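Listed below are the residues making up each chain.
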Amino acid sequence: MKGSIVLEEKGRIRVQKYISECGIMSRRAAEKEIEAGHVKINGVVANLGATCDPYNDKVEVNGKALKTSFDEKVYVAIYKPRGFVTTMKDQDGRKTVCDLVKDVKTRIYPVGRLDMVSEGLLIMTNDGELTNKLTHPSHEIEKLYHVTIKGFIKDDDLRTLNESMVIDGYEIQPATVEVIKRLEDRTVLRFIIHEGRNRQIRKMLEQVGLEAARLKRVAIGEVNLGRLDIGKWRYLTEKEIAYLQKL
């Protein structure tokens, strides 16, 4: 699929935008690298106002030339298993989501995170601009989780989970939490959150004395996990891509 990047006058584009579109990092992160003198265009250190020709100029970030094709975007949904970390490399040698998409020809990166002991839907792409939009703090895309807790949940605790709570000194937006089913020694809850702060659901449960035995993300907005098997991936549909781009 071809992207729709509009080049500036004479076929040039701001270098921070080009880096972002390559999926290397967000535009804001690219600007910090430029300010630190870590970006070169044809061997010359770039400044924030610099532009480049993606087809003819050599752009380097921290000494490495960009090789990702900026005009061909790839969008993938994966079912991240428990035990995998949401990063491209891990200094402790743990399994990463990168291991799950080795057969994707284009280098892609995770959008947001799922902690190591959680599982479920994760979007990966080389579209840095979209990644930046979806992970920006001001963005409020709904995320749906199925959470299995040990034991049962009291009505008062369920009401508390549906109210605004303070997590790590920050007042989060109210979540929508309801019981899906009650098992012999487990309860399955349906969580809808908007912010997706670090370990948000686990910390919410801790505040009412509960613990997540299993946490599975099943949807990000209109992108659903569906029948995707654990550890497998699929390309997003045209409809899903258009939905994310319109957000």
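With that settled, consider the overall build of the chain. Along the backbone of the chain there are 6 helices and 17 strands. Expressed along its principal axes, the backbone C-alpha trace of the chain runs to roughly 65 × 40 × 35 Å. Residue burial in the chain is summarised as follows: out of 247 residues, 46% are buried. Looking at the chain alone, contacts between residues at least 24 apart form 64% of all its contacts between residues at least 6 apart. Of the roughly 13,500 Å² that the chain leaves accessible, carbon and sulfur atoms contribute 46%. Counting 43 positive and 37 negative side-chain charges, the chain places the averaged centre of each group 4 Å from the other.

If you look at the biggest cluster of nonpolar residues, it comprises 22 residues, and the most contacted ones within it are Tyr145, Val147, Leu161, Phe191, Ile201, Met204 and Leu205. Looking at this core, the elements with two or more residues in it are strand 10 (143-150), helix 4 (155-161), strand 14 (186-193), helix 5 (200-207) and strand 15 (212-220). Ignoring any residue separated from it by four or fewer positions in sequence, one finds Leu205 in contact with Val147, Ile149, Leu161, Leu189, Phe191, Leu210 and Ala212. Core analysis: the next-biggest nonpolar cluster, separate from the first, contains 17 residues, Tyr75, Ile241, Tyr243 and Leu244 among them.

So, how was this worked out
- Residues numbered from 1 in each chain as written.
- Predicted model: local features only at pLDDT ≥ 70, side-chain atom pairs only at ≥ 80, totals over all residues.
- Heavy atoms only, no water.
- Helix = DSSP H or I, 4+ residues; strand = E, 2+ residues; numbered from the N terminus.
- Buried < 20%, exposed > 50% of the residue type's maximum accessible area, 1.4 Å probe, protein only.
- Contact = heavy atoms within 4.5 Å.
- Areas by Shrake-Rupley, 256 points an atom, 1.4 Å probe, with all protein chains shown as cover.
- Lys, Arg positive; Asp, Glu negative; His and termini not counted.
- Charge placed at Lys NZ, Arg CZ, Asp CG, Glu CD.
- Core = buried A, V, L, I, M, F, W, Y, C linked by side-chain atoms within 4.5 Å.

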